[in-house]
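The residues making up each chain are set out below.
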Amino acid sequence: MITLSFASQAISSNVASEIIIRVPAVYDSSGEVFEITVRENVNETLIVQGPGTIDNDTLASIWSSIFIANILSSSPYWKSGFTIVFPSQIKSIGGPSASLGLTIAILKLINNDNVNTLYNYSITGAVNINGLTTAVGGVEAKLNATIKMGLKGMVLPISNLVEVESQASNVVPVASIYELYLMSQGYGLNSTFIKRPATEYPGDIRDYLDNVYRYFRNKTNVELDIVKTYIRYADEAYLQGKIYAASSLAFTAYTRYLQTLYSNMNITELHARYESLKEKSSILREKLVELEKQKVSSKLIGLYDVELLSLGESRLWMCMNLLTSFEQSNFTDKNTLAQADARCLTAEFWINAANTSFASQPLIDSERMNNYINMYIFYLDKYVWYVESLITKLNATNELSQYLLTLKSTYQLITENKEAWSLPLKLGLATELAQDIAIFMDAFNTETEYLLDKYIAEEYRTWYLLYSRANLYQLDSIVSNLYLEYSEFMKDKDPLIAYQMASQAVVSLYPIIIYTKTFSSEQPSESLLIEKKTMNTLLNWAALMLIIFISSFLAGLVFGKRAQKERQLGENREPTMPAEHIQS
């Protein structure tokens, strides 16, 4: 159970181990460096101690530190006891820039590695849900404060490096929390992780994807300029034996072709097509529920069955969302209807694939998996709130506000389904939600070819780490392997698509990794125990309680108020959302 406690009393000296991190912060235009102590008591409760009252985005970002540290840890257990201690109200802290330091500290403690190799460095940066670093503001002032304090240097997100290139000898840029962890253990930047042989997909799935590739390729007018590149890539992937990449690229080509067909339809034709798709989606929903009741209602269920059904769920959900968007356009948005058509078709293909009877597949306990997915959803709720707090600070445009509504509606749909057989729906939508959150957070980073190469490399390294952990428990993943195959194929052709697919490969492994870790089946507690120190601090505590009430009783600590003119996460800059990419 996670317990977040704001307490004014001194911490018990009964401590097993502790790590002290130094976090730079910006107040007005000048920087300061403060210490945050992360301790582990003998009862295995982790305690984070530091001064200050905190803003909503700071409250939320602690959850990313807890979640990512647990995901990446080698411990078979989910570290569930946390206490956040604020002994005084010295400063008002805002921003997520301490989450990188907190994540590395929590990760080292969970792994029983309390060697404080980073004590002579300050650490600033945010952490994404997929384990990568995310740019923060005020790094120049923070670096100056670090140098003034006499530290060796400052660890920062690699995307922030461009701001302090003139002082590059004083900074340690990192692309992921795992890269920072390896460095803290004494491994060099070029250390490699042993890769496993490529997974040989079950023969039935390979044959099925082969048919999908042929189906979409044959239905596409390959002479259209808009589809030629995708068809060429699809054929190349097919010849290399990368069947999922081939089928997905053929699907993308077909989608572009569909858009040209729909562009020539009149209102009557569009409306007729819309009604046909609504009927088809209803039929697919009935078929999907029937399969889920058949395959995931028993005590032991097949992991491949759950994965393929979850793909059918997420694609069908996309189709229905697009149909709703078409309605809201007064039945005039031809491009949206074309995408709905494509999504409905690919949902049908995955639902048919889920009807496969595998000769052999990993079996998992359905009740246990449901408990673990609920834990995942609990953290996703915190991430949605995290995104909301950032968007609020950005004085968001309608586009970002709509983006937030989409995230919230996805989360609501996940939590509304309580049936035992709804596990694939929760899993599919949870993965989509995690990826959407990752895309939003990544939009704060600078996108250059060099940076994308770094991010891709770190995603691959993280993926191999998680995948090898899953294999220790005789668990495998068809879906995550498919995403990685697609990413590896696209790396030299479109690095942004390759990165997004690598990111999806990582987050699609999360439910399996969470499944392997042992913790209480109860939902984490969100109760906060707040003790008032003296009457002089009563108003400060009241203000903090108001923040907590507004933010749905979430709590956490990160350190570092952003500079008034933040470049990346500042109030006046919106993230640059990537262009949509369609995959099967």
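Just so it is clear, the model here is predicted, and its values are computed rather than measured.

Reading the values: rules and limits
Numbers given to residues run from 1 along each chain, matching the order in which its sequence is written. In view of the model being predicted, local features appear only for residues whose pLDDT reaches at least 70, and side-chain atom pairs are presented and counted only at 80 or more, with totals across whole chains, interfaces and linings using the full set of residues. Hydrogens and water are ignored here; the side-chain numbers use all heavy atoms of the structure. In this description a helix means any DSSP run of H or I spanning at least four residues, a strand means any run of E spanning at least two, and both kinds are numbered starting from the N terminus. Here a residue-residue contact requires only that any non-hydrogen atoms of the pair lie within 4.5 Å. Accessible surface is estimated by sampling points in the Shrake-Rupley manner with a 1.4 Å probe; for residues, cover comes only from the protein chains shown. Pairs were defined over the aromatic rings of Phe, Tyr and Trp, the Trp ring being its six-membered one, requiring ring centres within 6.5 Å. Orientation was assigned from the angle between planes: stacked under 30 degrees, edge-to-face over 60, tilted for the rest. Note on classification: 1.4 Å probe, protein chains only; a residue is buried when its accessible area is under 20% of the maximum for its type, exposed when over 50%, partly exposed between these limits. The rule is short: NZ of Lys or CZ of Arg within 6 Å of the ring centre and within 35 degrees of the ring normal puts a charge over the ring. pLDDT is a per-residue confidence score from the predictor, ranging from 0 to 100. Just to be clear on terms, a salt bridge is a Lys or Arg side-chain nitrogen sitting within 4 Å of an Asp or Glu carboxyl oxygen. Paired strands, as defined in this entry, are two strands with at least two bridges between them according to DSSP. In protein, a polar contact requires one atom able to donate a hydrogen and another able to accept it; more generally it is a pair of N or O atoms within 3.5 Å, and residues adjacent in sequence count only if both atoms are side-chain atoms. Each axis is a line fitted through C-alpha atoms, taken for helices only over the stretch in contact, and angles between the N-to-C directions span 0 to 180 degrees. Should the near helix be turned anticlockwise from the far one by less than a right angle, the crossing is termed left-handed; should it be turned clockwise, right-handed. In this classification, Asp, Glu, Lys and Arg are treated as charged, Ala, Val, Leu, Ile, Met, Phe, Trp, Tyr, Cys and Pro as nonpolar, and every other residue, Gly included, as polar. In this scheme, a helix's expected span is set at 1.5 Å multiplied by one less than its residue total. Cysteine sulfur atoms are paired as a disulfide whenever they come within 2.5 Å of each other.

Caption draft 1: How the structure looks around the overall build of the chain. What the chain contains, in helices and strands, is 18 helices and 15 strands. When contacts within the chain are restricted to residue pairs at least 6 apart in sequence, those whose partners lie at least 24 apart make up 82%. Only carbon and sulfur atoms are counted for the fraction: they give 50% of the accessible area of the chain, which is about 22,700 Å².

Caption draft 2: Focus on the packing of aromatic side chains. According to the stated counting rule, one finds 29 aromatic pairs in the structure shown. Their ring planes at 80 degrees and their centres at 6.1 Å tell us that F67 and Y383 sit as a pair that is edge-to-face. Highlighted residues: F67 in helix 1 (residues 56-72) and Y383 in helix 11 (residues 366-393), separated in sequence by 316 residues. An angle of 75 degrees between the planes, with centres 5.2 Å apart, marks the rings of Y274 and F331 as edge-to-face. Of this pair, Y274 sits in helix 8 (residues 267-295) while F331 sits in the loop between helix 9 (303-328) and helix 10 (334-353); the two residues are 57 residues apart in sequence, bridging distant segments of the chain. Among the residues examined, Y274 registers a relative accessible area of 3% and is labelled buried. By the ring-pair criterion, three or more aromatic residues cluster together here, those being F67, W78, Y376, F378, Y379, Y383 and Y510. Over the ring of Y119 we find R22, and its NZ or CZ is 4.0 Å from the ring centre. Over the ring of F378 we find K382, and its NZ or CZ is 3.9 Å from the ring centre.

Caption draft 3: The arrangement of the side chain of D210 in detail. Position of D210 relative to the elements: it lies in helix 5 (residues 203-219). The class of D210 is buried, set by a relative accessible area of 17%. Once you skip the residues sitting within four places of it in the chain, D210 turns out to touch Y238 and I243.

Caption draft 4: Fine view of the confidence of the model for the chain. Per-chain confidence: the chain averages 79 in pLDDT, with 78% of residues scoring 70 or above. A low-confidence stretch, residues 1-15 (pLDDT under 50), is modelled with 57 contacts involving residues beyond four sequence positions or located in other chains. Scored below 50 in pLDDT, residues 189-194 shows 10 contacts in the model against residues more than four places distant or in partner chains.

Caption draft 5: Here's a closer look at the pattern of salt bridges. Taken as a whole and assessed by the stated rule, the structure comprises 17 salt bridges. When the shortest N-O distance is used, the salt bridge between K493 and E236 registers 3.2 Å. With K493 in the loop between helix 15 (478-490) and helix 16 (495-507) and E236 in helix 6 (residues 225-239), the pair connects residues that are 257 residues apart, well separated along the chain. According to the relative accessible area criterion, E236 is partly exposed, its value standing at 30%. Measuring nitrogen to oxygen at the nearest pair gives 2.9 Å for the salt bridge that ties E388 to K408. Placement of E388 in helix 11 and of K408 in helix 12 (residues 398-416) is noted, with a sequence separation of 20 residues between them.

Caption draft 6: The pairing of strand 11 (residues 153-157), seen in detail. Along strand 11, 5 of the 5 residues are buried, which leaves the element largely enclosed by surrounding structure. Looking at chain direction, strand 8 (residues 121-123) and strand 11 are connected through 3 bridges and run parallel. Across the sheet, residue S122 finds its bridge partner in strand 11, namely M154. Pairing of strand 11 with strand 12 (residues 171-174), which is carried by 4 bridges, proceeds in the parallel orientation. Residue L156 lies in a different strand from strand 12, and its bridge partner there is P173.

Caption draft 7: Here's a closer look at the environment of I226. In this structure, I226 sits in helix 6. Its relative accessible area of 41% is what places I226 among the partly exposed residues. C-alpha separation for the pair I226 and R256, spaced 30 residues apart in sequence, amounts to 6.6 Å. Non-local contacts of I226, meaning those with residues more than four positions away in its chain, are made with R256 and T260.

Caption draft 8: Molecular detail of the side chain of N160. For N160, the position within the fold is in the loop between strand 11 and strand 12. Classification of N160 as buried rests on a relative accessible area of 0%. In terms of polar contacts, N160 uses its side chain to reach the backbone carbonyl oxygen of V136, at 2.9 Å.

Caption draft 9: Region of interest: the packing of helix 9 against helix 13 (residues 423-442). At their nearest, the axes of helix 9 and helix 13 sit 7 Å apart, and the two run at 65 degrees to each other. Crossing of helix 9 over helix 13 shows right-handed handedness. In this structure, helix 9 contributes V306, L309, S310, E313, S314, R315, W317 and M318 to the contact, and helix 13 contributes L423, P424, L425, L427, G428, L429 and E432. Classifying every residue of the contact of helix 9 with helix 13 gives 9 nonpolar, 3 polar and 3 charged.

Caption draft 10: Here's a closer look at helix 8. Under the 1.5 Å per step criterion, the end-to-end length of helix 8 is 41 Å for 29 residues, consistent within 8% with the ideal 42 Å. Among all positions in helix 8, only L270, Y274, L277, S281, L284, L288, V289, L291, E292 and K295 are buried. Among the structural elements, helix 7 (243-263), strand 13 (300-302), helix 9, helix 10 and helix 13 are those in contact with the buried residues of helix 8. N-cap assignment for helix 8: the residue whose side-chain oxygen lies 3.2 Å from the backbone N of T268 is N266.

Caption draft 11: Representation of the environment of L308 within the structure. Relative to the helices and strands, L308 is located in helix 9. Judged by its relative accessible area of 0%, L308 is buried.

Caption draft 12: How the structure looks around helix 15. In a regular helix each residue adds 1.5 Å, so 13 residues correspond to 18 Å; helix 15 covers 19 Å between its end C-alpha atoms and thus fits that length. Of all 13 residues that make up helix 15, 12 are buried, and the element is covered over most of its length. In this structure S477 caps helix 15, since a side-chain oxygen of it lies 3.0 Å from the backbone nitrogen of S480.

Caption draft 13: Layout of the state of the cysteines. Enumeration over the complete set of coordinates arrives at 0 disulfides. C344 provides the cysteine sulfur closest to C319, a residue in no disulfide bond, and the two sulfurs are 3.8 Å apart.

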